[in-house]
Every structure is written in C-alpha cells, then in structure tokens.
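Tertiary structure, described
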Amino acid sequence: MLVLALLALLQTAPTPPGEDPVAPYAMSDANAGGRPFKGVAMLEAFNGVAGIDRIVDDLVTTSQADARIGDIFKGQDMIRLRRTLREQFCVLLNGGCRYTGRDMATAHKNLGIQAKDMNALVENLQAAMRREGVSFPAQNAFLGKLAVMKPDVVTR
Amino acid sequence: MSPSTVAGCIAKLVVAITVVTASPAAAHEGRAGGKLMLTNGVTTIEGSSGGGISTWALIAGNETVDGIGGSAHVSVILLPDYRWESHGAAIGIHDRLELSYARQNLDTRDVGAKLGIGRGYTLNQDVFGAKLRVVGDAVYGSPYLPQIAIGAQYKHNLDPQVVAAVGGRNASGTDIYVAATKLLLRQSILLGTTIRYTKANQNGLLGFGDDRGGNRTVQVEGTLGYQIARQLVVGAEYRSKPDNLRFARENDWKTAYAAYAISKNLTATAAYVDLGSIATAERQRGGFLSLQTAF
C-alpha cells in the first residue's frame, strides 16, 4: 500500500512553458524544507503574495548580477528557479500556495555551494526584504526558516 | 590614560585597518570574508571573540570554513579610580580554530599610591588564547543546537612583585572554558553562556590564587542580546568571578552594551560596565569603548 501511495505521489507533471524538463520526483509541500508560519502576521509583513513575488524577483536579479555568486546561476533554469522560489517562500509564509519544486538537497546537489555563497545570498535577500519594507524582526524570523536548510544547501 | 597612549592606540588601529583592507581582496579575488554582519562577535578584554567581558563560542574574523580570517582591536574602560586599555589581535582558521593575543594595561592612578606601588602605576598582562569550535553553528542549522567551543587563555602577569605583595600565589595562570552561543533568528535574540575554570584574581591582573592555595573555581558568564537591525545588537552580560584575595573583595561583573557594525570590517562597541570593587576601590562603574576591525 505504502509503495503504491508513494508511486502515486511521483507525478510527472507537464513541464511549464519556458522551463527545462527535470527528472520525476514526488511533489509535496514538505519539499519546501520547513513548516509554514501560523497565522497571517508574517504574510502581511511581506506584503502578501505580491510582496513575496517582488522580493524573489529582486533576489534572483540581484544574485545573478552579484560578482560573488552570479556564476552559480549560469546554465541554470532561471524561469523555473523564480517560480519554485516564489512558491517556496509563499508556502513557508503561509500564503496559500503549493510548492511544486524539488527538496533542498536534490535541488542543490552538485552545485558546489560554499558557506560564503549562502551568506551572500542571505545578504541579497536581506536587501530585497528591506526594499520591500519588511520589518527587521520579520526578516530574521523568515531567515530562521532558511537557516535550518543550510546542511542541504551547502555541500562543500 | 595619557593622551599619548590614546594616540598610540589609534595609530595601532589605523595600521591594523590598513593591513586588513590592503591584503585579502587581492588574495581572494573579491571572495574575502563571508560571514554575515556581526556574526563574528566583538573582542573581549581577554582578546577572544565574544561580547565585551564574556567569551563566546564564535571564531574571530569574517572568514567561513573556507578561509582564514582575523581581527584586531583596541578597548578602553574609564572607571572612577582606574583606566583600562587593552589591544590585541586574533586569527580565525576555517571558522574552527581561533588564536588570540591581548595586552592588558590597568592604570591604578591614585589607588596605586594607596597600595604603595606608586601613583599611576600600571599593571600589565599578556593573554594568549586558543579556542576550538567543537560543534554547531551560531547562526545556521537547528535552533536547538548552539555553537559550542572549548578554549584556554594563558595569562602572564608582568608585575609579579605586585602579585606577591597583594597575596597572589602565582603571576601566571591558565583559564579553561566551554562556551555555547546561539542567535535565535525567530526571536532576533542572541543567547550565550560560558563556564570558566579559573583562579585569576581580577582577571589575572592581581595574580592567580592566594597564599592559602591556588585552586581553580568554576565561574559562569552569560550574555543576552537583541538584534535591532542588521548592524546593531544591544544586550547585557554577566560574569561571576572568584574572590580569592584576603586584602580586597572581588565582585561579579555586569555590563549593558550596544555593538554597531560600521561596516563588515569595523565594529564599535559601547557599554556601561559595573565591575564592583577592585583592589579596595569600591563601585567601579563606568564606560567601555571598543573598536574592532575584522577581515
């Protein structure tokens, strides 16, 4: 039964337009790597789903142009990254989305990310949240969700 | 402290900053540093990274596991009856091992005359420290696993005749400690504690142990901070102390501090300190100011 249930989860969703196909994987909000915040306070602090989308766009654009970590994104499917990152942030901030991306370990496998790369991304995220007007305590609370993912992201 | 000493300190800091900003950029091609702001802590009066008076589990410098960083600092404490100045440097190797040195100078001013060592006599001490991060990450990973480090500080008092005169048993000694530090991002709260095994009298400036024995005792340090902004942490620290000497009481230390990262390479710390009774001079409360540069 369990095996059948797992197989059912292993969806081969159609590749969204503009994205490259990826190997099949089990879709689950659990892949987002953390439990969502309760209530709407955090979502409001991020100015709702629209605010999250602006922050993700800012983060991705800034990071691609960042001399410290820009090379990591070269050759990656940036359309898919923007979409799944928006979904992930939205799920964690209890914005009523579904996360359709892979889990953090699979998504970052073989990228060779170092601790300072993750810190650089965190700095870019802090700047994006600041520009969106997210309060500092809310910024830190959200970073706390991402902080536990470091062992899956930093592999080198 | 005389104006010339202050000028000397500033000159040292300027040299340190110049050295710091000149070299790593070329060596790492723009990938120098890497720690998030303030997550290297500031420098304690004993030269290891921490708060102002409490040693934390953090490793000095801005480098991560992938590099070798370092820091240099100057600290001044103005008290009713004393003036304190300390300076030093530390290196942080792969965010794992910290090696530090600090020179402590305590100007006894009028108390010196009272104690018979001469007005303005300055007590001096060298502190050599080593700290090893054993497990955990102060910022990342599980919020329930703090960064834990073990360390030792070898303190060498340069005024053995004063140590003997006040009843100190030894002019040098070694503190050993274990420290745990965690930034709770969910709450923006910084928590830390250090258990120290020491026989140092007033940090070692009055020697180690007394004429009845030289045994170490267990002392506790605690720190509680709140991160207001990316560049600003405010908090308080507490440090219990031994009370070995017969000629004078020794009290626990308390501080309330604000640490501000002017840039990734420069942090200023200001604090109100209550150091209690020091060598018969009561109620030593005053101001602490420290500048640290890190790379």
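An unreviewed UniProt entry annotates chain B as DUF3034 family protein of Sphingomonas faeni.

As recorded by an unreviewed UniProt entry, chain A carries the name Hemoglobin and is attributed to Sphingomonas faeni.

**Quick notes on the overall build of chain B**
Scanning chain B from terminus to terminus reveals 4 helices and 16 strands. Among the 295 residues that make up chain B, the fraction classed as buried is 54%. A separation threshold of at least 6 residues defines the contact pool for chain B, and within that pool the share at least 24 residues apart is 59%. Element-wise, carbon and sulfur atoms account for 63% of the exposed surface of chain B, whose accessible area totals about 11600 Å².

**Concerning the environment of B:Ala229**
Residues and elements named next belong to chain B. With respect to the helices and strands, Ala229 occurs in strand 12 (residues 217-229). Assessed through its relative accessible area of 23%, Ala229 is described here as partly exposed. For the pair Ala229 and Tyr260, spaced 31 residues apart in sequence, the C-alpha separation works out to 9.3 Å.

**Here's the deal with the UniProt feature "binding site: heme" (unreviewed entry) in chain A**
Residues and elements named next belong to chain A. UniProt feature "binding site: heme" (unreviewed entry): in the numbering of this structure it lies at His108. Tracing the chain through its elements places His108 in helix 5 (residues 104-108). Judged by relative accessible area, His108 falls into the buried class, the value being 18%.

**What about the environment of B:Arg83?**
All names here are of chain B. On the secondary structure map, Arg83 appears in strand 4 (residues 83-93). The class for Arg83 is partly exposed, based on a relative accessible area of 30%. Distance from Arg83 to Arg109, taken between C-alpha atoms, is 7.7 Å for residues 26 residues apart in sequence.

**Comments concerning the pairing of strand 7 (residues 147-157) of chain B**
All names here are of chain B. Residues of strand 7 alternate between two faces, with Gln147, Ala149, Gly151, Gln153, Lys155 and Asn157 buried on one and Ile148, Ile150, Ala152, Tyr154 and His156 left unburied on the opposite face. Pairing geometry for strand 6 (residues 122-135) and strand 7, over 10 bridges, is antiparallel. Note on strand 7: the bridge partner recorded for Gly129 is Gln153.

**Concerning the nonpolar core**
Ranked by internal contacts, the top residues of the largest apolar core, which has 77 residues, are A:Phe46, A:Leu125 and A:Phe142. When contributions to this core are tallied by element, the ones reaching two or more residues are helix 2 (41-45), helix 3 (48-64), helix 4 (78-92), helix 6 (115-132) and helix 7 (136-147) of chain A together with strand 14 (253-263) and strand 15 (266-274) of chain B. Among all residues touching A:Phe46, those that are not within four sequence positions of it are A:Gly51, A:Ile52, A:Ile55, A:Leu93, A:Met129, A:Glu132, A:Val134, A:Ala138 and A:Phe142.

Procedures and definitions
- Residues numbered from 1 in each chain as written.
- Chains lettered and ligands numbered in written order.
- Predicted model: local features only at pLDDT ≥ 70, side-chain atom pairs only at ≥ 80, totals over all residues.
- Heavy atoms only, no water.
- Helix = DSSP H or I, 4+ residues; strand = E, 2+ residues; numbered from the N terminus.
- Buried < 20%, exposed > 50% of the residue type's maximum accessible area, 1.4 Å probe, protein only.
- Contact = heavy atoms within 4.5 Å.
- Areas by Shrake-Rupley, 256 points an atom, 1.4 Å probe, with all protein chains shown as cover.
- UniProt positions renumbered as here; feature names shortened; annotations may be inferred.
- Pairing = 2+ DSSP bridges.
- Core = buried A, V, L, I, M, F, W, Y, C linked by side-chain atoms within 4.5 Å.

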